[in-house]
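Structural description and commentary
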Amino acid sequence: MPQIAQISATYASQIFWLLITFGLLYFVVGRGMVPKIQATVDAREGRIAGDLAAAEAARAEADRVEAAWRAEMDAARAAAMAETNAAKARATHAFEAQVKAADADLHERLSHHDLAIANAKVEAMANLQSVAAEAARDLVAKLSGVQVGEDAAADAVRKVSAHG
């Protein structure tokens, strides 16, 4: 069979060209393209590492700025609280001063009114004694027909009101 005899010659040339083609592909891809791809991957990894380092530095800076902001806000809050307490103390002091002034004014007015009441009471008692002395003198005159002097009637009323 002649087809079988040709197998070694046909396959030998195909295997030869196959090895040449694969060798050529190996050298073109392996020596030419792989280093470029590897350089691109290394550059990308370097850029990613740089970006991550920059992001970490930015995060650290943001944390530092936030800590400074919080400290500043705490200081402002403490200052505002101190000012509020001072204003509250001033208002309390002013209110207490007003209350003391009003209390002193009321006490003075009350003492004036108490004095006026006491004077009115003394005057009323004096008028009451004079009215009682006059009524006693009129009663004695009507009942017994004896005329009693004003001084004697006033003296009798004073003795009775003093001893009950």
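Residues numbered from 1 in each chain as written. Predicted model: local features only at pLDDT ≥ 70, side-chain atom pairs only at ≥ 80, totals over all residues. Heavy atoms only, no water.

**Things to note about the UniProt feature "transmembrane region" (unreviewed entry) in the protein**
- Feature annotation in UniProt assigns "transmembrane region" (unreviewed entry) to the following positions: residues 15-34.
- Measuring from the first to the last C-alpha atom of residues 15-34 gives 26 Å, for a span that is 100% helix and 0% strand. (UniProt positions renumbered as here; feature names shortened; annotations may be inferred. Helix = DSSP H or I, 4+ residues; strand = E, 2+ residues; numbered from the N terminus.)

**Here's the deal with a nonpolar patch on the surface**
- A cluster of nonpolar side chains, contributed by Leu18, Phe22, Leu24, Leu25, Val28, Val29, Met33, Val34, Ile37 and Val41, occupies part of the molecular surface with about 900 Å² of accessible area.
- Note that Val34 resides in helix H1 (residues 2-143). (Patch = residues over 30% accessible without salt bridge, like charges linked within 9 Å, V, L, I, M, F, W, Y side chains within 5 Å. Areas by Shrake-Rupley, 256 points an atom, 1.4 Å probe, with all protein chains shown as cover. Salt bridge = Lys/Arg side-chain N within 4 Å of Asp/Glu carboxyl O.)

**Things to note about the pattern of salt bridges**
- Tallied over the full model, the rule gives nine salt bridges.
- Among the ionic pairs, Arg64 bridges to Glu61, the shortest N-O distance being 2.4 Å. Of the two residues, Arg64 and Glu61 both sit in helix H1, three residues apart, roughly one turn of that helix.
- Since its relative accessible area comes to 38%, Glu61 is described here as partly exposed.
- For the salt bridge of Lys159 with Asp155, the shortest nitrogen-to-oxygen distance reads 3.7 Å. (Buried < 20%, exposed > 50% of the residue type's maximum accessible area, 1.4 Å probe, protein only.)

**Description of the packing of aromatic side chains**
- Applying the stated criterion across every chain, the model contains two aromatic pairs.
- Considering the side-chain rings of Phe16 and Trp17, the 5.3 Å spacing of their centres and the 75° angle between planes classify their relative orientation as edge-to-face.
- Taking the relative accessible area as the measure of exposure, Phe16 reaches 46% and is therefore partly exposed.
- Seen in terms of ring centroids, Tyr26 and Phe27 are 5.4 Å apart; in terms of plane orientation they differ by 75°. Their pairing is edge-to-face. (Phe/Tyr/Trp six-rings, centres within 6.5 Å; stacked < 30°, edge-to-face > 60°.)

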